[in-house]
Amino acid sequence: MPKKMMLRRPRRNRVSASVRGMVQETHLEVSHLVLPLFLMDGENIRSEVPSLPGTFRLSLDHLLGEIASSLELGLSSFILFPAVPDTLKDKTGTYGYDPSNFYLKAATSIKQHFPECTLISDVALDPYSSDGHDGVVRGGKIVNDETLHILAKMAVAQAEAGFDILGPSDMMDGRVGAMRRALDEAGHTDTGIMSYTAKYASAFYGPFRDALDSAPKDSDDIPKDKKTYQMNPANKREALIEAELDTEEGADFLMVKPALNYLDIIHLLKTNSKLPIAAYHVSGECAMLLAASRNGWLDFDKAMPETLMAIRRAGADVILTYFAKVFAEMRKEGRV
Ligand code: PBG
């Protein structure tokens, strides 16, 4: 007998799978996940992103198949990004709202085939910009208010095409309000906005920029990075300013991006907002896990769900991750 009795033994609540299940605080379901998809114009294209193995740039025919098989696994939310050929890019991203835009046409087709899915868009200039920036570049600067008009046009075109929720990823000031007003004036009061509220100027977007060839172009009169609009990774309170503005301007979701290096920001917004919080587990974060797993240094099947659970535990209601479908498969097979 120990001299002093130990009254509290936290291990009692870890004694069996059943007890552990009873006291589990955070849950991760397929319904929380959003799968990013990269669209290319054309037919029968399935081109793997070299820096993100397992993720492909797909033409619409293959993309419809990918959505169908995801729906069978219970995964019903998708965010779509276009890989636009250079010939269609210009300084002001006019192709972004061109009625012949293959991205907009694809959205209409996807919603016709699968009305039950949730389709999220990307609102930003960079897929369409010959300068590789999210806003219009003039005199070596990214001009804010001129960009807003373009984003508003893109937003209305995307709502008309059938997107359910729009995802402004550009970090211009006032963009949520500009989009919301334009959408409402055009009668799209039911189209939601998932705002990239706290999007950091991060090194972890590399594979995504490879996939879309959307990195800032190398030229003397074009800023080489996105630091004048994306947030400084050193800042935390500033995320509260962005959250306050997006909320006032009518956002339906607040997003933090990236996720893993910014778990504190996810938690901060969760505790300071009543809106649902989304977290983008970005391409570079997924690539790190894949690289270590492929080297045999990490067990992917364990490390990946642990990572997603950590993002949920920090406070994310929704997680955008390239692993959404793999997780849904593992869940269906009862492996997680
Ligand atoms: C750009 C955009 C980026 C991502 C989503 N939208 C990259 C960037 O800001 O350069 C990154 C997503 C990822 O890395 O998975 N509008």
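A.B. asks: Help me understand helix H5 (residues 175-185) in this model?
C.D. replies: One turn of the α-helix equals 3.6 residues, which is why residues spaced by three or four share an orientation. Taking burial as the measure, the eleven residues of H5 include eight buried ones, the bulk of the element. The set of residues buried in H5 consists of Arg 175, Val 176, Gly 177, Ala 178, Met 179, Arg 180, Ala 182 and Leu 183. The secondary structure elements touched by the buried residues of H5 are helix H4 (144-161), strand S8 (165-166), strand S9 (192-199) and helix H7 (237-248). Immediately beyond the C-terminal end of H5, within one or two residues, lies Gly 187, with a positive phi of roughly 90 degrees.

A.B. asks: Is there a simple way to think about the nonpolar core in this case?
C.D. replies: Most often, soluble globular proteins have nonpolar side chains that are buried together. By size, the foremost hydrophobic cluster in this structure holds 105 residues, and its most contacted members are Leu 80, Ile 110, Met 194, Ile 266 and Tyr 280. A per-element tally of this core places H4 first, with eight residues. When near neighbours in sequence (up to four residues on either side) are disregarded, Leu 80 contacts Leu 37, Leu 39, Leu 63, Tyr 103, Ile 110, Leu 119, Ile 120, Ser 121, Asp 122 and Phe 163.

A.B. asks: What is the right way to look at the environment of Gly 192 in this model?
C.D. replies: Its location among the elements puts Gly 192 in strand S9. What makes Gly 192 buried here is its relative accessible area of 10%. Each C-alpha atom of the pair Gly 192 and Ala 328 lies 25 Å from the other, and the pair is 136 residues apart in sequence. Filtering out sequence-adjacent residues up to four positions away, Gly 192 remains in contact with Asp 164, Ile 165, Leu 166, Arg 180 and Asp 252.

A.B. asks: What exactly am I supposed to notice about the side chain of Lys 199 here?
C.D. replies: Here Lys 199 shows up in strand S9. It is Asp 134 that comes nearest to the buried, bridge-free Lys 199 among opposite-charge side chains, at 4.1 Å. One polar contact links the side chain of Lys 199 to the main-chain carbonyl oxygen of Ser 169, over a distance of 2.9 Å. Non-local contacts of Lys 199, meaning those with residues more than four positions away in its chain, are made with Asp 134, Ser 169, Met 171, Tyr 205, Gln 230, Met 231 and Lys 257.

A.B. asks: Could you clarify how one ought to interpret the pairing of strand S10 (residues 253-257) in this entry?
C.D. replies: One face of the sheet, then the other: side chains in a regular strand alternate in exactly this way. In terms of residue burial, S10 counts as a mostly covered element, since five of its five residues are buried. Pairing analysis gives four bridges linking S9 to S10, with the strands arranged parallel. The residue bridging Ser 195 from the neighbouring strand is Leu 254, located in S10. Alignment of S10 against strand S11 (residues 277-281), held across three bridges, turns out to be parallel. Each residue of the ladder has a partner; that of Met 255, found in S11, is Ala 278. Once you follow S10 into helix H8 (residues 263-272) and on to S11, the crossover reads as right-handed.

A.B. asks: How should the site of the ligand be read in this particular structure?
C.D. replies: Taken together, 16 residues are adjacent to the ligand, and Ser 169, Arg 209, Lys 257, Ser 283 and Tyr 322 come closest. In the environment of the ligand, an oxygen atom lies 2.8 Å from a nitrogen or oxygen atom belonging to the side chain of Lys 199. Side-chain polar atom of Lys 226 to an oxygen atom of the ligand: 2.7 Å apart, as the coordinates give it. A total of 400 Å² of accessible area belongs to the ligand in isolation, and the protein chains cover 100% of it. Its residues assigned to classes, the shell around the ligand comprises seven nonpolar, three polar and six charged.

A.B. asks: How should I be thinking about helix H10 (residues 300-314) in this particular structure?
C.D. replies: The terminal C-alpha atoms of H10, which comprises 15 residues, lie 21 Å apart, in line with the 21 Å expected from a rise of 1.5 Å per residue. Listed as buried for H10 are Phe 300, Ala 303, Met 304, Pro 305, Thr 307, Leu 308, Ala 310, Ile 311, Arg 312 and Ala 314. Against the buried residues of H10 lie strand S1 (33-40), H8, S11, helix H9 (283-294), strand S12 (318-321) and helix H11 (324-332). The backbone nitrogen of Asp 301 lies 3.1 Å from a side-chain oxygen of the residue at the head of H10, namely Asp 299.

A.B. asks: How should the packing of H9 against H10 be read in this particular structure?
C.D. replies: A pair of packed helices can be characterised by two numbers: the angle between their axes and the separation between those axes. It is the contact of H9 with H10, at a shortest axis distance of 10 Å, that shows an interaxial angle of 160 degrees. One finds that H9 runs roughly antiparallel with respect to H10. Seen from above, H9 lies across H10 with right-handed handedness. Between H9 and H10, the contacting residues are Leu 289, Leu 290 and Ser 293 on the first element and Phe 300, Ala 303, Met 304 and Thr 307 on the second. Class assignment of the residues belonging to the contact of H9 with H10 gives a composition of five nonpolar, two polar and no charged.

A.B. asks: Mind showing me how you'd approach unusual backbone geometry here?
C.D. replies: Among all residues except glycine, the phi angle is most often negative; among peptide bonds, the trans geometry is most common. In this chain, Lys 257 is followed by Pro 258 through a cis amide linkage whose omega measures -10 degrees. Tracing the sequence through the fold places Pro 258 in the loop between S10 and H8. Of note, the phi angle at Met 171 is positive, near 65 degrees, even though the residue is not glycine. Take Met 171: it is sitting in the loop between S8 and H5. The phi dihedral of Asp 213 falls on the positive side, at around 50 degrees, and the residue is not glycine. By secondary structure assignment, the location of Asp 213 is in the loop between helix H6 (206-212) and H7. On the basis of relative accessibility, which here comes to 43%, the residue Asp 213 falls in the partly exposed class.

The rules behind these values
- Residues numbered from 1 in each chain as written.
- Predicted model: local features only at pLDDT ≥ 70, side-chain atom pairs only at ≥ 80, totals over all residues.
- Heavy atoms only, no water.
- Buried < 20%, exposed > 50% of the residue type's maximum accessible area, 1.4 Å probe, protein only.
- Helix = DSSP H or I, 4+ residues; strand = E, 2+ residues; numbered from the N terminus.
- Contact = heavy atoms within 4.5 Å.
- Core = buried A, V, L, I, M, F, W, Y, C linked by side-chain atoms within 4.5 Å.
- Lys, Arg positive; Asp, Glu negative; His and termini not counted.
- Salt bridge = Lys/Arg side-chain N within 4 Å of Asp/Glu carboxyl O.
- Polar contact = N/O pair within 3.5 Å; in protein donor to acceptor, adjacent residues only side chain to side chain.
- Pairing = 2+ DSSP bridges.
- Right-handed = clockwise from strand over helix to strand, strands pointing away.
- Near = heavy atom within 4 Å.
- Areas by Shrake-Rupley, 256 points an atom, 1.4 Å probe, with all protein chains shown as cover.
- Nonpolar A, V, L, I, M, F, W, Y, C, P; charged D, E, K, R; others polar.
- Expected span 1.5 Å × (residues − 1).
- Axes fitted to C-alpha atoms, helices over the stretch in contact; angles between N-to-C directions.
- Parallel < 35°, antiparallel > 145°, perpendicular 65-115°, else oblique.
- Left-handed = near helix turned anticlockwise from the far one by under 90°.

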